[in-house]
Amino acid sequence: MIKPFENKVWLATPTMHGDELTYMKEAYETNWMSTIGANINEVERLTCEYVGCKYAVGLSAGTAALHLAVKLAGVKPGDKVFCSDMTFAATVNPVVFEGGVPVFIDSEKDTWNMDPNALEKAFSLYPDVKTVVMVHLYGTPAKIDAIRAICDKYSATLIEDAAESMGATYKGKQTGSFGNYNVISFNGNKIITGSSGGMLLTDDEAAAQKVRKWSTQSREAAPWYQHEEMGYNYRMSNVIAGVVRGQYPYLDEHIARKKAIYQRYKDGFKDLPVTMNPYIENEMEPNFWLSCLLVDKDAMSKQTRTATEATFEKEAGKSCPTEILEKLAAYNAEGRPIWKPMHMQPIYKDNGFVSCFDTPACEDIFERGLCLPSDITMAEEEQDIVIELIKSCFV
Ligand SMILES: *Cc1c(COP(=O)(O)O)cnc(C)c1O
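The paragraphs below set out a description of the structure included in this document. (Residues numbered from 1 in each chain as written. Predicted model: local features only at pLDDT ≥ 70, side-chain atom pairs only at ≥ 80, totals over all residues. Heavy atoms only, no water.)

**Focus: the site of the ligand**
Moving on, step 1. As a matter of local geometry, the ligand sits amid 16 residues, with T63, D161, E164, S185 and K190 nearest to it.
Moving on, step 2. The contact in question runs from an oxygen atom of the ligand to an N or O atom on the side chain of E164, over 2.5 Å.
Moving on, step 3. Within the complex, the protein chains bury 93% of what would otherwise be the 380 Å² of accessible surface of the ligand.
Moving on, step 4. Structurally, the ligand is housed in the largest pocket.
Moving on, step 5. It is helix 3 (residues 62-72) that contributes the most residues to the shell around the ligand, three residues altogether.
Moving on, step 6. Of the residues contributing to the shell around the ligand, the split by class is six nonpolar, seven polar and three charged. (Near = heavy atom within 4 Å. Polar contact = N/O pair within 3.5 Å; in protein donor to acceptor, adjacent residues only side chain to side chain. Areas by Shrake-Rupley, 256 points an atom, 1.4 Å probe, with all protein chains shown as cover. 1 Å grid on protein atoms, 1.4 Å probe; cavity = no way out; pocket = protein on both sides within 12 Å on 5 of 7 lines; lining within 4 Å. Sits in = over half its atoms within 2 Å of the grid points. Helix = DSSP H or I, 4+ residues; strand = E, 2+ residues; numbered from the N terminus. Nonpolar A, V, L, I, M, F, W, Y, C, P; charged D, E, K, R; others polar.)

**Brief notes about the pattern of salt bridges**
Moving on, step 1. Across all of its chains, the model carries 23 salt bridges by this definition.
Moving on, step 2. Between R245 and E26 there is a salt bridge, with the nearest N and O atoms lying 3.9 Å from each other. Linking R245 in helix 8 (residues 238-247) with E26 in helix 1 (residues 19-29), this pair joins segments that are 219 residues apart in sequence.
Moving on, step 3. Assessed through its relative accessible area of 17%, R245 is described here as buried.
Moving on, step 4. Residue classification places E26 among the partly exposed positions, given a relative accessible area of 35%.
Moving on, step 5. A salt bridge links R45 to E42; the shortest N-O distance between them is 2.8 Å. With R45 and E42 both in helix 2 (residues 38-52) and three residues apart, the pair spans about one turn of that helix.
Moving on, step 6. For R45, a relative accessible area of 41% translates into the label partly exposed. (Salt bridge = Lys/Arg side-chain N within 4 Å of Asp/Glu carboxyl O. Buried < 20%, exposed > 50% of the residue type's maximum accessible area, 1.4 Å probe, protein only.)

**Topic: the sheet that holds strand 9 (residues 198-202)**
Moving on, step 1. Taken together, the eight strands give an open sheet; going across it, the order is 1-9-8-5-4-2-3-16, and neighbouring strands pair in mixed fashion. Looking along the sheet, the strands with just one partner apiece sit at the ends: strand 1 (55-59) and strand 16 (353-354).
Moving on, step 2. Here strand 5 (residues 157-161) runs beside strand 8 (residues 181-185); their pairing, made up of three bridges, is parallel. Paired with I159 across the two strands is Y181, which belongs to strand 8. (Pairing = 2+ DSSP bridges.)

**Points about the environment of A38**
Moving on, step 1. Within the secondary structure, A38 sits in helix 2.
Moving on, step 2. Judged by its relative accessible area of 46%, A38 is partly exposed.
Moving on, step 3. In this structure, the C-alpha to C-alpha distance between A38 and L21, residues 17 residues apart in sequence, is 15 Å.
Moving on, step 4. Once you skip the residues sitting within four places of it in the chain, A38 turns out to touch N238 and R245. (Contact = heavy atoms within 4.5 Å.)

**Here we look at the pairing of strand 5**
Moving on, step 1. Within strand 5, five of the five residues are buried, leaving the element largely enclosed by the surrounding structure.
Moving on, step 2. Taking every second residue as pointing to the same face, both faces of strand 5 are buried, with T157, I159 and D161 on one and L158 and E160 on the other.
Moving on, step 3. In this sheet, strand 5 lies alongside strand 4 (residues 131-135) in parallel orientation, the contact comprising five bridges. Within strand 5, the residue paired with V135 across the bridge is D161.
Moving on, step 4. Where the polypeptide runs from strand 4 across helix 6 (residues 144-153) and back to strand 5, its parallel neighbour, the crossover connection is right-handed. (Right-handed = clockwise from strand over helix to strand, strands pointing away.)

**A short note on the packing of helix 9 (residues 251-268) against helix 12 (residues 380-393)**
Moving on, step 1. Viewed as axis vectors pointing N to C, helix 9 and helix 12 meet at an angle of 35°, and their least axial separation amounts to 10 Å. For the crossing formed where helix 9 meets helix 12, the hand is right-handed. On helix 12, the residues touching I261, R264, Y265 and G268 of helix 9 are E380, Q383, D384, V386, I387 and K391.
Moving on, step 2. Among the residues forming the contact of helix 9 with helix 12, the class breakdown is four nonpolar, two polar and four charged. (Axes fitted to C-alpha atoms, helices over the stretch in contact; angles between N-to-C directions. Left-handed = near helix turned anticlockwise from the far one by under 90°.)

**Points about the pairing of strand 3 (residues 101-105)**
Moving on, step 1. Of all five residues in strand 3, four are buried, a share of seventy percent or more.
Moving on, step 2. Pairing of strand 2 (residues 80-84) with strand 3 involves five bridges; the strand directions are parallel. Residue S84 lies in a different strand from strand 3, and its bridge partner there is I105.
Moving on, step 3. Here strand 3 runs beside strand 16; their pairing, made up of two bridges, is parallel. What sits directly across from F104, in strand 16, is F353.

The following block contains the structure:
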């Protein structure tokens, strides 16, 4: 008999190492308890060095960075913007902050990210679009070369949401270095964290300067508070930056541990009718932020979802995300459905959606997929129990 976990097994929680406290304390002791200071300077420098971009601007959140990226792209009220469909809402909401209208692009099946074919089709349907916002979901790089080439062909600005993919590479190059304006996040559940925080990355010096200005209330050079542009209070705190600074040396270790978790699941499920979230082995190296599972079509039991609830019918030898998630929850382990596609969200139900498949890939992955406990602190013995629990769903 398997007993419920005494300590909850989480999806993804912060993993601290001690250095974080040193840098936070340094901010306190030197009284740089503000949005200026050595920690901010250092994490901006570390990020440029790690990602390989020229400029990094520390901000209060990834969402703030996405907002300023959309402003930099020049999105105006009524402008349509192509956005990844299967993502977290924070990828696309900032388009709407500026009055833009997201048009959602379906995923391909090799990485679950924006389908270049659907993007090409979207440009033929909406030739005036000038901005694309795409995500590297769950830490798996998208087919970014193809997406970049299409953006170049149509002279569109590319915004890369690398909030979940820090440290992942495509053909040896870091995600967050392909777009014109790119975003990383240090939210509490990400691969490294500041408890909150984010950054805008770019090679464009003028753009970086604008972001520094906009994020600190757009003050002009004058003896008084002088304003010519809309401003925001979006700058990163030097205390938060201290946490991020302390996490940086452990980024590669976090990725290695996430990869080991992914591999252990993959081995554990080899006799089950499921697959893991896919990536293209010789082209990309994910950061393995979340391990996900996809139930084979012919092994899916009947599952019904309303706007806010899910039910399933037990069938011998079959299972479904709802059954697996309920089982995990009953044993004090945290799983989560796949991020519900934006075109299925009530708030975006009237927006455009472009797919190259009869059944959109995003709808299918949402139906058959789920996120598994992927916490760095999960012990191997705990993960083995999670695997056994999932196996028991297919009996
Ligand atoms: C977390 C996340 C964001 C937002 O980052 P915050 O720092 O939490 O504002 C944006 N996009 C994706 C895909 C994310 O996972």
